[in-house]
Amino acid sequence: MRIAITGTPGTGKTTVSRILSKKLSYPVYSLSELVKREKLYSEFDERRNSYVVDIEKLKGFFKGKENFIAEGLVSHYIPVDLIVVLRAKPETIRERLKERNYSKEKVEENVEAERIGFIATEVFEGSGKARVVQIDTTRRTPEEVAGLIGRALKGEEVFDDVDWLEDEEGGN
Ligand code: ADP
């Protein structure tokens, strides 16, 4: 089973992947590290202080691999069987990211990306043959989130409807 765990930074990809990896005995590939180590990038973006992932090189790395968890911002571009989109309330993302040494600008950029559902939209528009599961991590523990993914792997439908913009309009 090939699993991609994607979502805005701070949604819990790394934490949940580690738990799931133990449950399934699958290796985890953290894309931010992998891309650097295997040079799966096209260039370095000075302004953003990050590597620009070369999607073709990324796909090439995973070609032929069967059982794995790939976690990271661009993991949903890898051909997989299951894509897990992790979500969290924008305010929760802000709280989680404040604890990192991110600039205020980078924190707010990610809060906004989650608010509009940037990654989720990318996944829903182009998931190919993969099944898609969406989980709201806001009021769950990482163990509960990993448990839900386990249930999805057994065939249960796991899908939280998330629309932070609508919540704002509703005053919640
Ligand atoms: P990402 O890899 O998406 O940037 P991390 O796993 O590095 O996210 O960080 C998420 C942070 O949020 C961790 O400090 C984690 O303990 C915390 N957290 C709180 N609740 C959850 C949850 N339900 N699922 C995942 N992470 C959670």
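Residues numbered from 1 in each chain as written. Predicted model: local features only at pLDDT ≥ 70, side-chain atom pairs only at ≥ 80, totals over all residues. Heavy atoms only, no water.

Caption draft 1: Highlighting the site of the ligand. By nearness alone, 16 residues border the ligand, and Gly10, Lys13, Thr14, Thr15 and Arg140 come closest of all. Between the ligand and Thr14 there is a distance of 2.5 Å, counted from an oxygen atom to a side-chain nitrogen or oxygen. One nitrogen or oxygen atom from the side chain of Arg100 is found 3.0 Å from an oxygen atom belonging to the ligand. Starting from 560 Å² of accessible surface for the ligand in isolation, the protein chains cover 74%. (Near = heavy atom within 4 Å. Polar contact = N/O pair within 3.5 Å; in protein donor to acceptor, adjacent residues only side chain to side chain. Areas by Shrake-Rupley, 256 points an atom, 1.4 Å probe, with all protein chains shown as cover.)

Caption draft 2: Here's a closer look at the packing of helix 1 (residues 13-24) against helix 7 (residues 142-153). At a closest axis distance of 9 Å, the pairing of helix 1 and helix 7 adopts a crossing angle of 50°. In this view, helix 1 runs oblique relative to helix 7, as classed from their interaxial angle. The way helix 1 lies across helix 7 gives a crossing that is right-handed. For the pair helix 1 and helix 7, contact is made by Thr15, Val16, Ile19, Leu20, Lys23 and Leu24 and by Pro142, Glu143, Val145, Ala146, Gly147, Ile149, Gly150 and Leu153, respectively. (Axes fitted to C-alpha atoms, helices over the stretch in contact; angles between N-to-C directions. Helix = DSSP H or I, 4+ residues; strand = E, 2+ residues; numbered from the N terminus. Parallel < 35°, antiparallel > 145°, perpendicular 65-115°, else oblique. Left-handed = near helix turned anticlockwise from the far one by under 90°. Contact = heavy atoms within 4.5 Å.)

Caption draft 3: How the structure looks around the environment of Thr11. Structurally, Thr11 is set in the loop between strand 1 (2-7) and helix 1. Taking the C-alpha atoms as reference points, Thr11 and Val85, separated by 74 residues in sequence, lie 9.0 Å from one another.

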